[in-house]
Amino acid sequence: MIVRALEPADHRGWSAMRQQLWPEAGRDDAGDLARMHVPAVVMVADDGERLIGFAEATIRSVVDGLYFRPGGFLEGIWVAPKARRTGVATALLGGVTRWVRERGANAMGSDAMPDNRASIAWHKKHGFEIEAEVIKFVRELD
Ligand SMILES: CC(C)(COP(=O)(O)OP(=O)(O)OC[C@H]1O[C@@H](n2cnc3c(N)ncnc32)[C@H](O)[C@@H]1OP(=O)(O)O)[C@@H](O)C(=O)NCCC(=O)NCCS
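Scope of this entry: the structure provided in the associated data block.

The rules behind these values
Residues numbered from 1 in each chain as written. Predicted model: local features only at pLDDT ≥ 70, side-chain atom pairs only at ≥ 80, totals over all residues. Helix = DSSP H or I, 4+ residues; strand = E, 2+ residues; numbered from the N terminus. Expected span 1.5 Å × (residues − 1). Buried ≥ 20, exposed ≤ 12 C-beta atoms within 10 Å, placed from the backbone. Arc of directions from axis to C-beta. Contact = placed C-beta atoms within 7 Å. Near = placed C-beta within 6 Å. Nonpolar A, V, L, I, M, F, W, Y, C, P; charged D, E, K, R; others polar.

**Structural notes on helix 3 (residues 88-102)**
With 15 residues, helix 3 ought to run about 21 Å at 1.5 Å a step, and its terminal C-alpha atoms sit 22 Å apart, in line with that. Turning to helix 3, its buried residues number three or more, namely Val88, Ala89, Leu92, Leu93, Gly95, Val96, Trp99 and Val100. Down the axis of helix 3, the buried side of the element spans an arc of 160°, and every buried residue falls inside it. More than 90 degrees from the buried face of helix 3, the exposed residues found are Arg98, Arg101 and Glu102. Looking at the buried residues of helix 3, the elements they touch are strand 1 (2-5), strand 2 (40-46), strand 3 (51-60), strand 4 (71-79), strand 5 (108-110) and helix 4 (117-125). Glycine 104 sits one or two positions beyond helix 3 and adopts a positive phi of about 85°.

Spelled out as structure tokens, the structure:
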């Protein structure tokens, strides 16, 4: 298994994995990232036959918990169920972390739903500390 940056030929596989992680999102995958208007990277895990995981990260000007310091942000990470607990997400995090460091940031944020025990355990294993548990609100404007 290798971790590498997304290549044009990966787009179908990447889109299928994104759909697993974010079923509510549209299928304009590259557009979703571009509309954030920040530096972004997609790393994929490739087992030689197919893609078995991906991670997306950005550089945000403000990261909750870093007190107005810019930093990397792990926007999403997903590993195919059969490949879990074998270090794939850890390898993806390594790739993303290198990319963040190369852009001059020395800290990273991330988030998870409060009931996602696997994700919380995984984040803690990699040194992420819980900054806050928040309720997010949204409202359409008429
Ligand atoms: C969270 C996720 C990315 C972890 O991927 P992974 O490749 O299995 O993780 P790794 O193999 O690199 O790391 C495994 C470590 O993470 C923690 N961990 C991962 N899954 C866990 C689980 N179900 N229960 C408890 N700890 C877990 C453990 O510390 C584990 O180490 P161990 O196997 O020695 O106990 C994967 O479970 C996943 O894709 N989940 C669905 C998508 C998702 O929730 N993404 C995160 C959104 S914030």
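**Quick notes on the site of the ligand**
Taken together, 19 residues are adjacent to the ligand, and Arg84, Ala89, Thr90, Ala118 and Ala121 come closest. Of all the elements in the fold, those that place two or more residues in the shell around the ligand are strand 4, helix 3 and helix 4. Per-element tally for the shell around the ligand: the top contributor is helix 4, with six residues. Residue composition of the shell around the ligand, by class: 10 nonpolar, five polar and four charged.

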